[in-house]
Amino acid sequence: MKKLIKRYTKNPMLLVFLLILIFFTPLAIYSPGENKIKGVVTAIGIDKTEEEYEVSLLTFIPTANQTYKQQNAVISGKGQSVSEAIYNAQLSMGRSVGLAHAKTTVVSEDILKEEDVARVVDHISRVSSLPENTVFICTNGKAKQLLESTVALESELGLKLEQLIGFNALNLYSIDTSLEAFYRGYYSDTHSSIIGELNLADPSSQEGHNSSNSSPPGQSSGGEQSAEGSAMQGQNKGKKTISNQGESVILKNGEMVAKLSSDQLNALNLINPKSINQIVNLNDVQLEDGKHDLSYRVRNKRVLKSTKFENGYPVYMAQVILGLELTEVDGENKNLHENTEMSKMPKEIRDKLNLTLKKNFTQSLKILVENKTDIIDITQEFFKNDRKSFQKFIKKLDSVDQFIEHVNFKVAIVVSPD
């Protein structure tokens, strides 16, 4: 035994190792697990009722022998400020919260209409370390109700909340609706941002109605739906139904000033070369065998853009070349196989498509001009292409956000069967 002790004392590294085991092993064994003191938040919702804020946390608490649905819960707290509401939510949970894993932040329309939403989310993004790549959206109902409906949506369909709104720009939803994108627009010269919206409705009002009127972003009803789009509605008995109609909200200085429908967002995305797979509908088209409702899909797109100052005024020019494919006739695609003549695109249909697309673009652009909100970065394009002329023109205006009011848009749309 003495020889063994002498051997250990001659090797100090071994002695240090033994001391570490003696002191820290009991501490590691008997200390509470991380999930006992912290709750993982996957989504956060913010509402305002009268003079109080209500913060709701969609939490994931791993516990043995529980089902997937039971592991998710919505825990809320109220307070005079967002920080106080989060603190009270932690008391209700019995754990401290970490927002590093929060992938979605939801605010109610009521907040957007009444105050600067940047001030509302400032605390959770700056102090509570909410990641800037979180999906930032709003809802026409209560953010808390949206999160409660999400519990059923995730457990029954395996579809996460951020998947309902965050489509890839190359496919359907062609706007960046992250918190980082919101701040980027908020602190830009025009102080304008755009975020996506999820709708809430009573389950009874959606029966027999979801499949016909609920479309994924960037897609009108009646068009083709993606795999995610077919699961846009998540219903929980007694809860609200979540529906993505493809609507978006325009914010000016952090407050809601207008709302864009799916068709209006599609129209603005005509000059976005990344946005494809959109659906264009034409109703009451006169063909040889009568009138039909036609649906076309944008298969490919080329966008040629340029800016210049003509007689001292800004001119934005764009030529949009769309490759379209006929997908449905009268809401069905079987006619395409029975009658190949339907797939042809005569001049009358091309003219009507041109007129429809240009009309939608003009109407959507009018919304931006009236609210002085440049969410399509027209101002930046003029600044990058001709900085000297741009700065000279800006000196004539009271503020940069008035620039879009003076731009002469010349957009030509060319459609062809693909």
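Within each chain, residue numbers correspond to sequence positions counted from 1 in written order. Predicted model: local features are reported for residues with pLDDT of at least 70 only, side-chain atom pairs are reported and counted for 80 or more only, and whole-chain, interface and lining totals are derived from all residues. The basis for the side-chain values is all heavy atoms of the structure; hydrogens and waters are excluded.

What follows is about the overall build of the protein chain. Each helix and strand counted, the protein chain has 15 helices and 14 strands in total. Here the analysis covers contacts within the protein chain between residues at least 6 apart in sequence; of these, 71% occur between residues at least 24 apart. For the protein chain, the accessible area works out to roughly 21600 Å², and carbon and sulfur atoms hold 50% of it. To qualify as a helix, a DSSP run of H or I must reach at least 4 residues; to qualify as a strand, a run of E must reach at least 2; elements of each kind are numbered from the N terminus. Any two residues whose heavy atoms approach within 4.5 Å at even a single point are treated as in contact. We get accessible surface area from the Shrake-Rupley algorithm with a probe of 1.4 Å; when it comes to residues, only the shown protein chains can shield them.

Mapped onto the fold, glutamine 402 is located in the loop between α15 (387–394) and β14 (408–417). When its relative accessible area of 14% is taken as the criterion, glutamine 402 is described as buried. In this structure, glutamine 402 is in contact with Lys372 and Leu397, ignoring residues within four places of it in sequence. When a residue's accessible area, from a 1.4 Å probe over protein chains only, is under 20% of the maximum for its type it is buried; when over 50% it is exposed; and in between it is partly exposed.

Further remarks concern the nonpolar core. Remark: nonpolar core denotes a set of buried residues (Ala, Val, Leu, Ile, Met, Phe, Trp, Tyr, Cys) joined through side-chain atoms within 4.5 Å. One finds Tyr296, Leu322, Ile349, Leu353 and Phe403 to be the most contacted residues of the largest nonpolar core, which totals 48 residues. Setting aside residues up to four positions removed in sequence, tyrosine 296 forms contacts with Gln278, Ile279, Val280, Leu282, Leu324, Glu325, Leu326, Thr327, Met345, Ile349 and Leu353.

Turning our eyes to something else, we now look at the packing of helix α4 (residues 82–93) against helix α6 (residues 117–126). Axes, fitted as lines to C-alpha atoms, cover a helix only where it is in contact. Angles between the N-to-C directions of the axes lie from 0 to 180 degrees. At a minimum axis distance of 9 Å, the contact between α4 and α6 shows a crossing angle of 50°. Relative to α6, α4 is oriented oblique. Across the interface between the two elements, Val82, Ser83 and Ile86 of α4 pack against Val120, His123 and Ile124 of α6. Ten residue types, Ala, Val, Leu, Ile, Met, Phe, Trp, Tyr, Cys and Pro, are classed as nonpolar, four, Asp, Glu, Lys and Arg, as charged, and the remainder, Gly among them, as polar. Among the residues forming the contact of α4 with α6, the class breakdown is four nonpolar, two polar and no charged. Note on angle classes: values under 35 degrees are labelled roughly parallel, values over 145 roughly antiparallel, values of 65 to 115 roughly perpendicular, and the remainder oblique.

What follows covers the packing of aromatic side chains. Ring geometry is summarised as follows: Phe, Tyr and Trp rings, the Trp one being its six-membered ring, pair when their centres sit within 6.5 Å, and such pairs are stacked at plane angles under 30 degrees, edge-to-face over 60 and tilted between the two. Under the counting rule described, the total for this entry stands at 13 aromatic pairs. Aromatic pair tyrosine 183 and tyrosine 187: ring centres 6.1 Å apart, planes at 20°, arrangement stacked. What makes tyrosine 187 exposed here is its relative accessible area of 61%. Three or more aromatic residues link up through ring pairs in this structure, and these residues are Phe309, Tyr313, Phe382, Phe383, Phe390, Phe393 and Phe403.

A surface patch of negative charge is lined by Asp284, Glu288, Asp289, Asp293 and Asp330. Along the chain, aspartate 330 falls in the loop between β13 (313–329) and α12 (334–338). Exposure above 30% relative accessible area and the absence of a salt bridge qualify a residue for a patch, where like charges join within 9 Å and nonpolar side chains (Val, Leu, Ile, Met, Phe, Trp, Tyr) within 5 Å. The term salt bridge refers to a side-chain nitrogen of Lys or Arg lying within 4 Å of a carboxyl oxygen of Asp or Glu. A positive count includes Lys and Arg, and a negative count includes Asp and Glu. His and the chain ends are not counted in either. Note on charges: their place is set at NZ of Lys, CZ of Arg, CG of Asp or CD of Glu.

Time to look at the environment of valine 280. Mapped onto the secondary structure, valine 280 falls in strand β11 (residues 279–287). Taking the relative accessible area as the measure of exposure, valine 280 reaches 9% and is therefore buried. The spatial distance from the C-alpha of valine 280 to the C-alpha of leucine 324 is 8.9 Å, given a sequence separation of 44 residues. The contact partners of valine 280, leaving out residues within four places of it in the chain, are Leu294, Ser295, Tyr296, Val298, Leu353 and Leu357.

The next thing to look at is the packing of helix α14 (residues 378–385) against α15. At a closest axis distance of 5 Å, the pairing of α14 and α15 adopts a crossing angle of 125°. In terms of axis orientation, α14 runs oblique to α15. Seen from α14, the contacting residues are Thr379, Phe382, Phe383 and Asn385; seen from α15, they are Arg387, Phe390 and Gln391. Classifying every residue of the contact of α14 with α15 by side-chain character gives three nonpolar, three polar and one charged.

Let's shift gears to the confidence of the model for the protein chain. Counting all residues, the mean pLDDT for the protein chain is 78, and 73% of those residues have values of 70 or more. Overall, residues 167–173 carries pLDDT values under 50, and its contacts beyond four positions in sequence, including any with other chains, amount to 33 contacts. Segment residues 206–237: pLDDT under 50, and 86 contacts once partners within four positions in sequence are set aside and those in other chains are kept. One confidence number per residue, pLDDT, is output by the predictor and ranges from 0 to 100.

The next subject is a nonpolar patch on the surface. On the surface, Phe17, Leu18, Leu19, Leu21 and Ile22 cluster together into a nonpolar patch covering about 440 Å² of accessible area. Counting through the fold element by element, phenylalanine 17 comes out in helix α2 (residues 12–30).

This brings us to helix α13 (residues 347–370). When the terminal C-alpha atoms of α13 are compared, their 34 Å separation across 24 residues agrees well with the 34 Å that a helix rising 1.5 Å per residue should span. Taken from the residues just after α13, lysine 372 is the one with a positive phi, measuring 55°. Expected span of a helix, by definition, is 1.5 Å for each gap between consecutive residues, and there is one gap fewer than residues.

Examined against the element boundaries, serine 399 turns out to sit in the loop between α15 and β14. For the pair serine 399 and aspartate 189, spaced 210 residues apart in sequence, the C-alpha to C-alpha distance is 8.5 Å. A distance of 2.4 Å separates polar atoms of two side chains, one belonging to serine 399 and the other to aspartate 401. Any pair of N or O atoms that falls within 3.5 Å is considered a polar contact. Within protein, one atom must be able to donate a hydrogen and the other to accept it, and sequence-neighbouring residues count only if both atoms are side-chain atoms.

Inspection of the sheet shows strand β1 (residues 38–49) paired to strand β4 (residues 96–98) by three bridges, in the parallel sense. By the bridge assignment, valine 40 is partnered in β4 with glycine 98. In this sheet, strand β2 (residues 52–60) lies alongside β1 in antiparallel orientation, the contact comprising nine bridges. In the strand pairing of β2, threonine 49 is matched with glutamate 52. Hairpin remark: β1 followed by β2, antiparallel, with two residues in the connecting loop; positive phi at glutamate 50, about 55°. Strand direction decides the pairing type here: β1 and strand β5 (residues 104–108), joined by four bridges, are parallel. Strands are labelled as partners when DSSP assigns at least two bridges between them.

In terms of burial, helix α8 (residues 179–186) is a largely internal element, six of the eight residues being buried. Taken together, the buried positions of α8 are occupied by Leu179, Ala181, Phe182, Tyr183, Gly185 and Tyr186. Structurally, α8 contributes buried residues whose contacts are with α6, β6 (135–139), β7 (192–201) and β9 (248–252).

With that out of the way, let us pick up unusual backbone geometry. The backbone of aspartate 284 sits at a positive phi, close to 55°, despite the residue not being glycine. Despite not being glycine, asparagine 311 shows a phi value in the positive range, around 55°. Mapped onto the fold, asparagine 311 is located in the loop between β12 (290–310) and β13.

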